[in-house]
Amino acid sequence: MNTKISALIRARKQAGFIPVIPDIKCISPKEGDLLRGRDPVEVAKLLAEAGAPALSVVTESKNFGGSLELLERIAALTKLPTLRKDFITCVDDLKITKDCGAEAILLICAAQPFSLLIKLYEEALKIGLEPLVESHTKEELILAGKIGAKLVGINNRNILELERDDGTVSATELLAKYKPKDAILISESSIQTPVEAQAAIRAGADAVLIGTAIWQAENMRECYLALSRGMGDYV
Ligand SMILES: O=C(O)c1ccccc1NCC(=O)[C@H](O)[C@H](O)COP(=O)(O)O
């Protein structure tokens, strides 16, 4: 599957939906166990069928309970592109990601020096991985623009605090205007309700990436659909 996440986000938007990328995350450092006995691969399947344009899979194990095996299993079951979310620090990580069947990789502006970020960005493109360049400040968004990033994230929480902070969608509202020109913008983390998803889109995001709210919903499919429509009871 070679379709880029950015193209699928555009298509979902044109179809009149808020593009919601579900985050397959086993543990939240803030909320604890999210699986509660469920199989994350089955959940990924359910959310793909509900209309997700792509699937995000957290592979970091120590704090988020993820694994490369999980990424591999999800990439094998779906035709959708999968995004690997982890702390990527070397070129070998990119090759491993590609070998797992992922199409996209998260690169965090704050996680390494600029020179390494550029190297990872260019190497990712070279081996056919779509890089999502993640920022949390105005300066990092400007950095993403300097790299030439076409797919950019604003993490509403601080990933360097392992997302234990009380970030809100107001980070996207504050920062979206600094996104690189023509880039597709994804608002990530701390989005709980259809109203907040809508607020992120109104602020200039093209898509939202949501984990906890979907995992904690009584009915994951209904929650996903309500977020995609920007309306519903999941408040
Ligand atoms: O986003 C990162 O930089 C990251 C890096 C390594 C491991 C996990 C990482 N983020 C976790 C997430 O992406 C969040 O789970 C995601 O944004 C969803 O957030 P929420 O809806 O608040 O669960």
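Quick caveat: nothing in here was measured; it's all calculated off a predicted structure. (Residues numbered from 1 in each chain as written. Predicted model: local features only at pLDDT ≥ 70, side-chain atom pairs only at ≥ 80, totals over all residues. Heavy atoms only, no water.)

**Q** So what's going on with the overall build of the chain? Which residues, and what values?
**A** Across its full length, the chain holds ten helices and ten strands. Radius of gyration (C-alpha) of the chain: 16 Å, near the 18 Å computed for a compact globule of 235 residues. Expressed along its principal axes, the backbone C-alpha trace of the chain runs to roughly 45 × 35 × 35 Å. The buried share of the chain, taken over its 235 residues, is 57%. Looking at the chain alone, contacts between residues at least 24 apart form 65% of all its contacts between residues at least 6 apart. Counting every atom, the chain has about 10200 Å² of accessible surface; 52% of that belongs to carbon and sulfur. Taking the 29 positively charged and 32 negatively charged side chains of the chain as two groups, their mean positions are separated by 5 Å. (Helix = DSSP H or I, 4+ residues; strand = E, 2+ residues; numbered from the N terminus. Rg over C-alpha atoms; globule rule 2.2 N^0.38 Å. Buried < 20%, exposed > 50% of the residue type's maximum accessible area, 1.4 Å probe, protein only. Contact = heavy atoms within 4.5 Å. Areas by Shrake-Rupley, 256 points an atom, 1.4 Å probe, with all protein chains shown as cover. Lys, Arg positive; Asp, Glu negative; His and termini not counted. Charge placed at Lys NZ, Arg CZ, Asp CG, Glu CD.)

**Q** A description of the UniProt feature "domain: Indole-3-glycerol phosphate synthase" (unreviewed entry) in the chain should follow, citing residues and the corresponding values.
**A** Following the UniProt record, the feature "domain: Indole-3-glycerol phosphate synthase" (unreviewed entry) maps to residues 12-222 here. In this annotation, residues 12-222 is assigned 37% helix and 20% strand; the end-to-end C-alpha distance for the span is 18 Å. (UniProt positions renumbered as here; feature names shortened; annotations may be inferred.)

**Q** Explain the site of the ligand to me, using residue names and the numbers behind them.
**A** Not every one of the 21 residues close to the ligand is listed here, only the nearest: Asp23, Lys25, Lys85, Ser189 and Thr212. In this structure, Arg157 approaches the ligand through a side-chain N or O atom, which is 3.0 Å from an oxygen atom. Taking Ser190, its main chain carries an N or O atom lying 2.8 Å from an oxygen atom of the ligand. Notes on the ligand: free accessible area 510 Å², of which the protein chains cover 100%. Listing elements by their share of the shell around the ligand, those giving two or more residues are strand S6 (104-108) and strand S10 (207-210). Class assignment for the residues of the shell around the ligand results in eight nonpolar, five polar and eight charged. (Near = heavy atom within 4 Å. Polar contact = N/O pair within 3.5 Å; in protein donor to acceptor, adjacent residues only side chain to side chain. Nonpolar A, V, L, I, M, F, W, Y, C, P; charged D, E, K, R; others polar.)

**Q** Explain the environment of Glu163 residue by residue, including any values.
**A** Within the fold, Glu163 resides in the loop between strand S8 (151-155) and helix H7 (170-175). Since its relative accessible area comes to 7%, Glu163 is described here as buried. Through-space distance from the C-alpha of Glu163 to that of Ser190 is 8.9 Å; in sequence the pair is 27 residues apart. Filtering out sequence-adjacent residues up to four positions away, Glu163 remains in contact with Lys25, Lys30, Phe64, Asn155, Arg157, Asn158 and Ser189.

**Q** Help me get a handle on the environment of Arg12, residues and values and all.
**A** Within the element layout of this structure, Arg12 appears in helix H1 (residues 5-14). Arg12 gets classed as buried once you look at its relative accessible area, which sits at 15%. Expressed as a C-alpha distance, the spacing of Arg12 and Glu222, which sit 210 residues apart in the sequence, is 18 Å. Filtering out sequence-adjacent residues up to four positions away, Arg12 remains in contact with Phe17, Pro19, Ala50, Gly51, Tyr224 and Ser228.

**Q** Explain the packing of aromatic side chains to me, using residue names and the numbers behind them.
**A** Counting across every chain of the model gives zero aromatic pairs. The cationic tip of Arg12 hangs over the ring face of Phe17; the distance from NZ or CZ to the ring centre is 3.9 Å. (Phe/Tyr/Trp six-rings, centres within 6.5 Å; stacked < 30°, edge-to-face > 60°. Lys NZ or Arg CZ within 6 Å of the ring centre and 35° of its normal.)

**Q** Got a sec to walk through the environment of Ile142? Specific residues and values, please.
**A** Residue position: Ile142 is located in helix H6 (residues 138-147). For Ile142, a relative accessible area of 40% gives the class partly exposed. Sequence spacing of Ile142 and Lys179 is 37 residues, and the spatial spacing of their C-alpha atoms is 7.2 Å.

**Q** Residue-level account of the pattern of salt bridges, with values.
**A** For the coordinates displayed, the defined rule picks out nine salt bridges. Between Lys30 and Asp166 there is a salt bridge, with its nearest N and O atoms 2.7 Å apart. Separated by 136 residues along the polypeptide, Lys30 in the loop between strand S2 (27-28) and strand S3 (32-33) and Asp166 in the loop between S8 and H7 bring together distant segments of the chain. Judged by its relative accessible area of 68%, Asp166 is exposed. With a shortest N-O distance of 2.5 Å, Lys85 and Glu188 are connected by a salt bridge. Remark: Glu188 occurs in strand S9 (residues 184-188) and Lys85 occurs in strand S5 (residues 82-85); sequence separation between them is 103 residues. Take Lys85: its relative accessible area is 9%, and that puts it in the buried class. Connected through shared salt-bridge partners, Lys13, Lys179 and Asp206 make up one network. (Salt bridge = Lys/Arg side-chain N within 4 Å of Asp/Glu carboxyl O.)

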